[in-house]
Amino acid sequence: MKKLTALLFALTLVLSLAACGGKNDAPPASKDADLSAFYETLVSEGEWPSMSLLEGEMLDNFYPGLSDVAAKQSAVYMADITSVACEIALVEVENADDVKTVEDIFQARIDYQVGDGNSPGGAFYPATTEAWENNSRIVSNGNYVMLAVCDDADGAVEKFNALFA
């Protein structure tokens, strides 16, 4: 009788594990997203100023360390006029451990633009400093990280997150 009871419990356990194994309600960690296409769609649908892609030395000057991170995709755009607080940086890292590194690089960019309270930041115009302080958003989805600095940063975040829904 004890053997039969033990067998029934074991069978119940196996069946319950098998039933759970085929079901996954959790969303995928990330979907593939074309960041350049996302940028083009984002700026075509909103009010973004004329922007330029940062590459090479310019990228290293404004986002130190970013070019050292192994990335599948990277696109960083900056407004052509310095008095406009508008930037978008999009990165897909190869290694999930680098997401935090990219977030820290993006936060360092915001901190530099805003300043430390004792000395002015890189934005130097009161309106642009305020914009960097209040309209900057860093968001991650899987291995994808975005920095959006613009009047509608929350809208940019919403559209970014929609890529992975």
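Residues numbered from 1 in each chain as written. Predicted model: local features only at pLDDT ≥ 70, side-chain atom pairs only at ≥ 80, totals over all residues. Heavy atoms only, no water.

Asker: Explain a negative patch on the surface here, please?
Answerer: Taken together, the side chains of E47, D151, D152 and E158 make up a negatively charged region of the molecular surface. Turning to its location among the elements, D151 is positioned in the loop between β5 (144-149) and α6 (153-162). (Patch = residues over 30% accessible without salt bridge, like charges linked within 9 Å, V, L, I, M, F, W, Y side chains within 5 Å. Areas by Shrake-Rupley, 256 points an atom, 1.4 Å probe, with all protein chains shown as cover. Salt bridge = Lys/Arg side-chain N within 4 Å of Asp/Glu carboxyl O. Lys, Arg positive; Asp, Glu negative; His and termini not counted. Charge placed at Lys NZ, Arg CZ, Asp CG, Glu CD. Helix = DSSP H or I, 4+ residues; strand = E, 2+ residues; numbered from the N terminus.)

Asker: Explain the side chain of E92 to me, please; I cannot follow it from the model alone.
Answerer: Checked against the element boundaries, E92 lands in strand β3 (residues 87-93). Of the side chains with opposite charge, K72 comes closest to the buried, unpaired E92, at an N-O distance of 4.1 Å. Here Q73 takes part through its side chain, which lies 2.7 Å from a polar atom of the side chain of E92. Ignoring anything within four residues of it in the chain, the contact list for E92 reads L35, A71, K72, Q73, N143 and Y144. (Buried < 20%, exposed > 50% of the residue type's maximum accessible area, 1.4 Å probe, protein only. Polar contact = N/O pair within 3.5 Å; in protein donor to acceptor, adjacent residues only side chain to side chain. Contact = heavy atoms within 4.5 Å.)

Asker: Before we go on, may I ask you to explain the packing of helix α4 (residues 99-114) against helix α5 (residues 126-134) in this structure?
Answerer: The relative placement of two packed helices comes down to the angle between their axes together with the axis-to-axis distance. Put simply, α4 and α5 touch, their axes get as near as 8 Å, and they point 150° apart. Viewed along their axes, α4 and α5 adopt a mutual orientation that is roughly antiparallel. In this structure, α4 meets α5 at a crossing whose hand is left-handed. Only T129, W132 and E133 of α5 make contact with α4, whose side of the interface consists of R109, I110, Q113 and V114. Residue composition of the contact of α4 with α5, by class: 3 nonpolar, 2 polar and 2 charged. (Axes fitted to C-alpha atoms, helices over the stretch in contact; angles between N-to-C directions. Parallel < 35°, antiparallel > 145°, perpendicular 65-115°, else oblique. Left-handed = near helix turned anticlockwise from the far one by under 90°. Nonpolar A, V, L, I, M, F, W, Y, C, P; charged D, E, K, R; others polar.)

Asker: Please clarify how the sheet that holds strand β1 (residues 51-53) should be interpreted in this entry.
Answerer: By way of backbone hydrogen bonds, the strands of a sheet pair with one another, either parallel or antiparallel. Spatially, the 5 strands line up as an open sheet ordered β1-β2-β3-β5-β4, and their pairing is antiparallel. The sheet terminates laterally at β1 and β4 (136-141), the two strands that pair on one side only. If you compare each strand with its neighbour and ignore which way they point, the axes differ by 15° on average. Where helix α2 (residues 35-45) meets the sheet, it contacts β1, β2 (71-79), β3 and β5, and its direction lies at approximately 155° from that of β3. (Pairing = 2+ DSSP bridges.)

Asker: Got a minute to help me understand the pairing of β3 in this structure?
Answerer: Consecutive side chains along a regular strand alternate between the two faces of the sheet. Most of β3 sits inside the fold, with 7 of its 7 residues counted as buried. Side chains E87, A89, V91 and V93 of β3 all project onto a buried face; the interleaved residues I88, L90 and E92 project onto the opposite face, where all are buried too. Pairing analysis gives 6 bridges linking β3 to β5, with the strands arranged antiparallel. By the bridge assignment for β5, E87 is matched with V149.

Asker: Quick question: what am I supposed to make of the nonpolar core here?
Answerer: Most often, soluble globular proteins keep nonpolar side chains buried together rather than apart. In terms of nonpolar packing, the biggest core is built from 23 residues, with W48, M51, I88, L90, M146 and F160 touching the most fellow members. In this structure, M146 is in contact with F38, I88, A89, L90, F106, R137, I138, V139, A156, V157 and F160, ignoring residues within four places of it in sequence. Counting 22 residues, the second largest nonpolar core, distinct from the first, contains L59, V93, I110 and W132. (Core = buried A, V, L, I, M, F, W, Y, C linked by side-chain atoms within 4.5 Å.)

Asker: Looking at this model, I keep getting lost on the packing of aromatic side chains. Mind explaining?
Answerer: By convention here, two paired aromatic rings are described through the distance between centres and the angle between planes. Overall, the coordinates contain 5 aromatic pairs when judged by the stated rule. Ring centres 5.9 Å apart and planes at 80° place the aromatic pair Y63 and F106 in the edge-to-face group. Linking Y63 in the loop between α3 (56-62) and β2 with F106 in helix α4, this pair joins segments that are 43 residues apart in sequence. Comparing Y63 with F106, the two get one shared label, buried. Both rings, one in Y144 and one in F164, keep their centres 4.9 Å apart while their planes meet at 45°; by these two values the pair is tilted. With Y144 in strand β5 and F164 in the segment after α6, this residue pair connects regions lying 20 residues apart in the sequence. Judged by its relative accessible area of 8%, F164 falls in the buried class. Taken together, the aromatic side chains of F38, Y144, F160 and F164 make up a single cluster linked through ring pairs. Between R109 and the ring centre of Y63, over which it is positioned, the NZ or CZ distance is 5.6 Å. (Phe/Tyr/Trp six-rings, centres within 6.5 Å; stacked < 30°, edge-to-face > 60°. Lys NZ or Arg CZ within 6 Å of the ring centre and 35° of its normal.)

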